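Chains, contacts and geometry: an overview
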Amino acid sequence: MEEKNIPTVYDPQSFEKKWYAFWEENKLFHAEVEEDKQPFSIVIPPPNVTGQLHMGHALDNTLQDIQIRWRRMQGYNTLWMPGSDHAGIATQIKVEEMLAKEQGISRYDLGREKFIEKVWEWKHQYGSKITKQLRSLGASCDWERERFTMDEGCSKAVREVFVSLYEKDLIYQGYRITNWCPRCNTALSDIEVEHEDSEGHLYHLRYQIEGTDKYVEIATTRPETMLGDSGVAVHPTDERYTNLIGKNLILPILNRKIPIFADEYVDPSFGTGAVKVTPAHDPNDFEMGQRHNLEQIIVLNNNATMADNTGKYKGMDRYECRKQIIADLKELGNLVKIVDHAHAVGHCQRCHTTVEPMVSKQWFVKMESLAAPAMDAVTSGEIKFVPERFTKIYINWLENIRDWCISRQIWWGHRIPAWYCDECGETVVSRDDLHSCPKCGKTMHQDEDVLDTWFSSGLWPFSTMGWPEETAELKQFYPTSVLVTGYDIIFFWVARMIMMGLEFGKEIPFKHVFIHGLVRDSQGRKMSKSLGNGIDPLEVIEKYGADTLRFMLITGNTPGNDMRFYWERVEATRNFANKLWNASRFVLMNLEGFDKNFKPSQAEYTLADQWILSRYAKTVTEVTNNLEKFELGEAGRALYDFIWNEFCDWYIEMAKARLYNKEAVKERQIAQYVLCYVLEHTLKLLHPFMPYITEEIWQHIPHEGQSIMVAAWPTNETGKIDVKAEQDMTTIMEIIKAIRNMRAEVNVAPGKKSEVILQFASKELQEVLQVNAGYLKVLAAADPITVLEAAEGKPENAMAAVVNGVEIYLPLKGLIDVEKETARLNKELATLDKELQRVSGKLANVGFVAKVPADVIEKEKEKQKGFEEKRTAINERLAYLASL
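The structure reproduced in this document is the subject of the present report. (Residues numbered from 1 in each chain as written. Predicted model: local features only at pLDDT ≥ 70, side-chain atom pairs only at ≥ 80, totals over all residues. Heavy atoms only, no water.)

**Here's the deal with the environment of T220**
Here is the rule we go by: Strands are runs of DSSP state E lasting at least 2 residues, helices are runs of H or I lasting at least 4, and numbering of each runs from the N terminus. Should any heavy atoms of two residues lie within 4.5 Å, those residues are considered in contact. Between N or O atoms, a polar contact is any pair within 3.5 Å; within protein, one atom must be a potential hydrogen donor and the other a potential acceptor, and residues adjacent in sequence are included only when both atoms are from side chains.
Counting through the fold element by element, T220 comes out in strand 8 (residues 215–220). Residues T220 and I338, spaced 118 residues apart in sequence, show a C-alpha to C-alpha distance of 9.8 Å. Apart from the residues lying within four places of it in its own chain, the contact partners of T220 are H201, L202, Y203, L205 and K276. Within the structure, the side chain of T220 is placed 3.0 Å from the backbone nitrogen of R222, a separation counted as a polar contact.

**Concerning the side chain of S41**
Tracing the backbone through its elements, the reader meets S41 in strand 1 (residues 39–43). Among residues more than four places away in sequence, those in contact with S41 are L79, F477, P479, T480, S481 and V482.

**Quick look at the packing of aromatic side chains**
Test applied: For Phe, Tyr and Trp, rings pair up if their centres lie within 6.5 Å, where Trp contributes its six-membered ring, and each pair is then called stacked (planes under 30 degrees apart), edge-to-face (over 60) or tilted (otherwise). Throughout this description, buried means an accessible area under 20% of the type-specific maximum (1.4 Å probe, protein chains only), exposed means over 50%, and partly exposed covers the range between.
Counted by the stated rule, this structure contains 36 aromatic pairs. On the basis of an interplanar angle of 50° and a centroid distance of 5.5 Å, the ring pair of Y10 and W581 is categorised as tilted. In this pair, Y10 is assigned in the segment before helix 1 (16–25) and W581 in helix 18 (residues 567–589), connecting sequence segments 571 residues apart. Classification of W581 as buried rests on a relative accessible area of 0%. Seen in terms of ring centroids, F162 and W363 are 5.5 Å apart; in terms of plane orientation they differ by 65°. Their pairing is edge-to-face. Taken together, the residues F162 in helix 7 (residues 152–167) and W363 in strand 14 (residues 356–365) connect sequence positions 201 residues apart. The structure contains a cluster of three or more aromatic residues connected by ring pairs, namely F162, Y166, W363, W404 and F455.

**Overview of the sheet that holds strand 22 (residues 480–486)**
To be explicit about the condition: In short, DSSP must find at least two bridges between two strands for them to pair. To obtain each axis, a line is fitted to C-alpha atoms, and for helices this fit is confined to the stretch in contact; angles are then taken between N-to-C directions over 0 to 180 degrees.
In space, the three strands of this open sheet follow the order 15-23-22, with parallel pairing throughout. Bordering the open sheet on either side are strand 15 (384–386) and strand 22, each of which pairs with just one other strand. The sheet shows a mean angle of 20° between the axes of neighbouring strands, taken without regard to direction. For strand 22 and strand 23 (residues 510–516), the ladder comprises six bridges, and the chain directions are parallel. Note on strand 23: the bridge partner recorded for L483 is V513.

**Some remarks on helix 2 (residues 55–73)**
Since the α-helix packs 3.6 residues into each turn, any two residues three or four apart lie on the same face. Keep this limit in mind: Multiplying one less than the number of residues by 1.5 Å gives the expected span of a helix.
Along its 19 residues, helix 2 runs 27 Å from first to last C-alpha, staying within 8% of the 27 Å computed at 1.5 Å per residue. For helix 2, the tally of buried residues reaches 18 of 19 residues, placing the bulk of the element in the interior. Once helix 2 ends, the next one or two residues include G75, with phi positive near 100°.

**Focus on the environment of L63**
By secondary structure assignment, the location of L63 is in helix 2. Overall, L63 belongs to the buried group, its relative accessible area being 1%. The spatial distance from the C-alpha of L63 to the C-alpha of T872 is 49 Å, given a sequence separation of 809 residues. Apart from residues lying up to four places away in sequence, L63 is in contact with V484, F514, H516, I554, N557 and L632.

**A few points about unusual backbone geometry**
Here the amide bond leading from V386 into P387 is cis, since omega sits at -5°, within 30 degrees of zero. Looking at where P387 falls in the secondary structure, it is placed in the loop between strand 15 and helix 11 (390–399). P784 follows D783 through a cis peptide bond whose omega is 5°. If you trace the backbone, P784 turns up in strand 27 (residues 782–788). The backbone of D169 shows a phi angle near 65°, a positive value even though the residue is not glycine.

**Regarding the sheet that holds strand 27**
Read from one edge of the open sheet, four strands run 27-26-29-28, paired in mixed fashion. A single partner strand is all that each edge strand has here, and the edge strands are strand 27 and strand 28 (798–803). When strand polarity is set aside, the average angle formed by the axes of neighbouring strands in this sheet is 25°. In terms of strand pairing, strand 26 (residues 754–760) meets strand 29 (residues 806–811) through four bridges, oriented antiparallel.

**Let's talk about the pattern of salt bridges**
Rule in force here: In what follows, salt bridge is the name for a side-chain nitrogen of Lys or Arg lying within 4 Å of a carboxyl oxygen of Asp or Glu.
Using the criterion set out here, one finds 58 salt bridges in the structure. Note that E144 and K27 form a salt bridge whose closest N and O atoms lie 3.2 Å from each other. One end of the pair, E144, is in the loop between helix 6 (129–137) and strand 4 (147–148); the other, K27, is in the loop between helix 1 and strand 1, with 117 residues separating them in the sequence. We note a salt bridge from R318 to E356, for which the minimum N-O separation is 2.9 Å. A residue pair is termed long-range when its members are at least 10 positions apart, and R318 in helix 9 (residues 318–332) and E356 in strand 14 qualify at 38 residues. Taken as a pair, R318 and E356 share a single burial class, namely buried. One network of salt bridges, in which partners are shared, links R615, K618, E646 and E726.

**Concerning the nonpolar core**
Generally speaking, soluble globular proteins have nonpolar side chains that are buried together. Quick note on the threshold: Throughout, nonpolar core names a set of buried Ala, Val, Leu, Ile, Met, Phe, Trp, Tyr and Cys residues whose side chains join them through atoms within 4.5 Å.
Judged by nonpolar contacts, the single largest core of 207 residues is most densely connected at Y394, L398, F455, F647, F689 and I808. Counting residues per element, this core draws most heavily on helix 20 (residues 632–660), which supplies 14 residues. In contact with Y394, not counting residues within four places along its chain, are A374, M375, V378, F385, I490, A495 and I498. The next biggest cluster of nonpolar side chains, apart from the first, holds 34 residues, and it includes A187, L249, I260 and C405.

**So, the pairing of strand 5 (residues 171–181)**
Of all 11 residues in strand 5, eight are buried; the element is thus mostly enclosed. Summarising the sheet, strand 5 and strand 14 pair through 10 bridges and their orientation is antiparallel. Residue pairing in the sheet places I171 in a bridge with V365 of strand 14. Here strand 5 runs beside strand 6 (residues 186–188); their pairing, made up of three bridges, is antiparallel. The residue of strand 6 that forms the bridge with C181 is T186.

Structure, rendered in structure tokens:
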């Protein structure tokens, strides 16, 4: 125990960094394998090395840290595995932009090897930024075990999984339609594409029927792709076209013959019922092309310019080409009309460029056989989603899953472990690097592509524990206990971890998936650079402290739901920290003569002692139960209510008389004991939420142990629950509040004593009040206190209130200056009348009502109603004073 008190002012900057350094230096975050201890483990959702701490990270990691700190205090062997993700496309773009800005060069000027060196340099220089920021938040990760998705161990796991899936015939190469980003110059998986509604056009074109002067009308949103058309499809039962099936059309501009064919995919009620088919540039057309053996004609280059086979359009940007083609079709008489058309357009999630569906040779994972056990693990309850409603979203996605395109045409990432022979064309997938062909002995070269970032992220729960080696960490900490993540990456990450965990870890990767929502601004908008509404958590930490930010995020949060960020709530939470700080200072100031070996007997406790110990015991149960249910916000709210409303506002005030009376040694010791016991144990309950302030205070008050972080979580406190004491104390508190309210109504000076007359519904209540009358004298300035027998008449000229079977009377004679109070109320009434006249005038003004928004009128009406109610109350008070 430190001798001195905590400083007068709560200043988190003065101690937060100090305690984090203390925890790290003493290895309090570190977990060793201890087979006799029950494990609790979490793997951090690895932030991108390009990342900077944002509010989503702050929420996500606070939720994890609360659980880790709580379970650590419960005695579990806790591991919170930290690390970061190499973030293939995002990192490559960042480094390319840096090279262009600083040196005016591209990655192609450097070549692959030198460019990768530059990315590693960038990673070493900037990649640890976000993990340093997580430290300022108070994250108690086991930093000695920090991992990176491209470190040696994770890379070995990635190669092992790829080769194993290939050997099981679950990875294959094929020509498929993929989403192609012309800016990132790579294929994207379906879930890396964001669809946004866009105002576009539907271009109606006509294709001539071969050998006739008749035409078939089709409609398209992308006329530039007509250069790659290899057919027109109609529904087999569409009578408009049955006589044309099997005939040819002449493709305008190119004058190429293309067939009319029947396919049930076509919706005869949409458009003209005839659909142009471009197998190389549309996923549905691709499938029809496969069924009807149509040619795949690629008319776009990787950078979204027109390909060499497009004649005069060669090299044009896709949108420039669109304008030119429409002009040419109009001139030829093949443009029927252009109509406005709103439709969803796919954009690259990383750079927001409009993606192009393109046929290309890619690597794919067959998903069907991997998805089935991943569904079973959740439907059987082996893995539980919190909240449960996200189960449906997860299952729905897996039921409709498509094969996963895992190859990316970039340089930064895990390079695909496939080698091609330059001589005989042999393809070999290998765990080891190859240089010569096993078939002909000639030189081999490795596939240029890298794996989708989510491929390595999908292995994170077991690759970080040392898999494919059979490590002690895997044995103790896998499966992990809970995964905490946002609902936006259930498909990207959660589903893939479950699939990979079951396939390779042979077990589920985690038992619970705890889903949280987004942190939005005060208007409910997503925080973004474009809106300029982002709030930097580090600024909040700098100004208010990490504890304030953490507790604010938690108490505004319910599982799975978005929350709004309000600065007012930050201020309110800071006030809570201040309240706790000042209460702790008060306790420390009154510990002179404290005997740590003294413990009162049950019979020695006052009613206030019994009440606060009972309320504390119930708070232990409520906080623990809510943490078990992942209701972290409710647990935080319970602590807030107990600390502010019960411990600070009531118990401390009730204990003051005993603390200040140094003559009554025993009574003072009992008050000191209860204050210290409740404060120390409540700090333990609060520690997972607000780690810094609780450590700072705990180190000053009487305690045992090195740190509150490793102190035991309060348990077995139910013996302190005393329902009768709570009922009796509640009645006393309600009486005190009623007296205070009545005094406030007539403006009694705070220090002025006032007579209080009480009449009880039962003798039992009367006895309780008579024994504990001191609380009314101290906290309600009630003196003298007179008890009326049931048969006695009610006092006259007294204010009255009834609570819990007790009638309370406050005689007004001599309590207030009737003349002075009447003058004050009349003055207030005059001011109110002016305000009421002003608002009523506005609302009666037709011009004002016509031009202002409805919400402004509503606010003015609310003001009017409030003024009228206040006016009525003042008039009633004046009438009452006149009767005295």
